[in-house]
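Observations on the three-dimensional arrangement
What follows is the residue order along each chain.
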Amino acid sequence: MVEAELKIPLAAEVSWEDISLPPGTVCVGEVEQKDTYLSHPNRNLAANDEALRVREEGGRCWLTYKGPKRGGSVKVREELEVGFQSREALLELFERLGFLAVAQVCKRRRVYRCGQVSICFDDVIGLGRFVEIEIAEADDSGKAGDLLAQVARRMGLDPRSAVTQSYLEMLVQGSGS
């Protein structure tokens, strides 16, 4: 899967209610996510712009590999994801293989769907609030970026204010909103 996303930080004075959702948008729900990022014992994932993450959400657990970003104003990268029953068992397995848990990102996320587009309102501990607009099955043609920018403008958001850094990168650099 290749994911394309626009991540737009929100100013403290902007409330979620100030943001207009496109017609036909449906609320999927609200979840708390706990992401634990792992380091490889023999390979510098961060230097290669890769990430290995264990996500816990609603009692479920996923392991996600994120490939290098492909550049441009929209973050586009490969993602491989596998589900697991137990976060603790998965983290213990990786620890025994020599991986280390190096960082954690915790957030409350409100998820909406509008056709093929997901819209997430994120409140990230230590960073602030963001709107993520994303397409899961994107291609590299630039069409996904155009669609995401169009959705952002419909919502009253400026796509030029989007950031391509991950929440993990922002936390490590200390650049919250």
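Residues numbered from 1 in each chain as written. Predicted model: local features only at pLDDT ≥ 70, side-chain atom pairs only at ≥ 80, totals over all residues. Heavy atoms only, no water.

Observations regarding the overall build of the chain
Put simply, the rule is: Strands are runs of DSSP state E lasting at least two residues, helices are runs of H or I lasting at least four, and both sets are numbered from the N terminus onward. Radius of gyration here uses only the C-alpha atoms, and the compact-globule reference equals 2.2 Å multiplied by the residue count raised to the power 0.38. Type-normalised accessible area, obtained with a 1.4 Å probe on protein chains alone, sets the label of each residue: buried when under 20%, exposed when over 50%, and partly exposed for intermediate values. When charges are counted, Lys and Arg are positive and Asp and Glu negative, with His and the chain ends excluded. Where a charge lies is defined by one atom per residue type, namely NZ (Lys), CZ (Arg), CG (Asp) and CD (Glu).
In terms of regular secondary structure, the chain is built from three helices and eight strands. In sequence order, the chain lays out its α and β elements as β-β-β-β-β-α-β-β-β-α-α. Expected size for 177 residues packed as a compact globule is a radius of gyration near 16 Å; at 16 Å, the chain falls within 12% of this value. If one aligns the C-alpha atoms of the chain with their principal axes, the spans along those axes are about 50 × 30 × 30 Å. Every one of the 177 residues in the chain was classed for burial, and the buried ones make up 43%. On the chain, the mean spot of the 23 positive side-chain charges and the mean spot of the 28 negative ones are 1 Å from each other.

So, the nonpolar core
Let me state the cut-off plainly: Grouping buried Ala, Val, Leu, Ile, Met, Phe, Trp, Tyr and Cys residues that are joined through side-chain atoms within 4.5 Å yields what is termed a nonpolar core. Whether two residues are in contact is decided by their heavy atoms, any of which lying within 4.5 Å being enough.
Counting 23 residues, the largest nonpolar core has Ile 119, Val 131, Ile 133 and Met 155 as its most contacted members. Where this core is concerned, the elements lending two or more residues are strand E1 (2-9), strand E7 (117-124), strand E8 (128-135) and helix H2 (143-154). Discounting chain neighbours no more than four positions away, the residues touching Val 131 are Leu 6, Lys 7, Ile 8, Leu 10, Trp 16, Ile 19, Ile 119, Cys 120, Phe 121, Met 155 and Leu 157.

Considerations on the packing of aromatic side chains
Convention followed: Centres within 6.5 Å are what make two rings of Phe, Tyr or Trp a pair, Trp counting through its six-membered ring; a difference in plane orientation under 30 degrees is then read as stacked, over 60 as edge-to-face, and the rest as tilted. Remark: a charge is flagged as sitting over a ring if the NZ atom of Lys or the CZ atom of Arg is within 6 Å of the ring centre and within 35 degrees of the ring normal.
All chains considered together, the criterion is met by four aromatic pairs. Between Tyr 112 and Phe 121, the aromatic rings sit 5.4 Å apart at their centres with planes inclined by 55 degrees, giving tilted as the arrangement. Pair check on accessibility: Tyr 112 and Phe 121 agree, each one buried. A network of ring pairs unites the aromatic residues Trp 16, Tyr 112 and Phe 121 as a single cluster. When the ring centre of Tyr 167 is taken as origin, the NZ or CZ atom of Lys 7, which lies over that ring, is 4.0 Å away. When the ring centre of Trp 16 is taken as origin, the NZ or CZ atom of Arg 129, which lies over that ring, is 5.0 Å away.

With respect to the sheet that holds E7
Either a parallel or an antiparallel arrangement is found when strands of a sheet pair, and the pairing is made through backbone hydrogen bonds. Applied cut-off: Pairing between strands requires that DSSP locate at least two bridges from one strand to the other. Interaxial angle, 0 to 180 degrees, is taken between N-to-C directions of lines fitted to C-alpha atoms, where a helix line uses only the stretch in contact.
Taken together, the eight strands give a closed barrel; going around it, the order is E1-E5-E4-E3-E2-E6-E7-E8, and neighbouring strands pair in antiparallel fashion. The sheet shows a mean angle of 35 degrees between the axes of neighbouring strands, direction not considered.

Quick notes on the confidence of the model for the chain
Put simply, the test is: For every residue, the predictor assigns a confidence score, pLDDT, that lies between 0 and 100.
The predicted model of the chain has a mean per-residue pLDDT of 89, with 95% of residues at 70 or higher. Per-element confidence in the chain is highest for E7, whose mean pLDDT is 96, and lowest for helix H1 (residues 87-96), whose mean pLDDT is 87.

With respect to the side chain of Arg 109
Note the following rule: We define a polar contact as two N or O atoms separated by no more than 3.5 Å, with the added condition that, inside protein, one atom must be a possible hydrogen donor and the other a possible acceptor, whereas residues neighbouring each other in sequence contribute only through side-chain atom pairs.
Mapping Arg 109 onto the fold places it in strand E6 (residues 100-114). Using a relative accessible area of 7% as the deciding quantity, one classes Arg 109 as buried. Looking at Arg 109, its side chain comes within polar contact range of the side chain of Asp 122, at 2.7 Å. Leave out the neighbours within four places in its chain, and Arg 109 touches Gly 29, Glu 30, Val 31, Gln 33, Arg 55, Cys 120, Phe 121, Asp 122, Glu 132 and Tyr 167.

Quick look at the pattern of salt bridges
Here is the rule we go by: We define a salt bridge as a contact between a side-chain nitrogen of Lys or Arg and a carboxyl oxygen of Asp or Glu at a distance within 4 Å.
In this structure the tally under the stated criterion is 18 salt bridges. Between Lys 69 and Asp 49 there is a salt bridge, with the nearest N and O atoms lying 3.2 Å from each other. With Lys 69 in the loop between strand E4 (60-66) and strand E5 (75-84) and Asp 49 in the loop between strand E2 (26-39) and strand E3 (51-57), the pair connects residues that are 20 residues apart, well separated along the chain. Residue Lys 69 is classed as partly exposed on the basis of its relative accessible area of 22%. Between Glu 169 and Lys 69 there is a salt bridge whose closest N-O contact spans 2.8 Å. Of this pair, Glu 169 sits in helix H3 (residues 167-173) while Lys 69 sits in the loop between E4 and E5, and the two are 100 residues apart along the sequence. Here the salt bridges do not stand alone but share partners, grouping Glu 5, Lys 7, Lys 75, Arg 109, Asp 122 and Glu 132 into one network.

Some words on the environment of Arg 110
Of note, Arg 110 is situated in strand E6. For Arg 110, a relative accessible area of 23% gives the class partly exposed. The spatial distance from the C-alpha of Arg 110 to the C-alpha of Phe 121 is 5.1 Å, given a sequence separation of 11 residues. At 3.4 Å, the side chain of Arg 110 forms a polar contact with the side chain of Glu 30.

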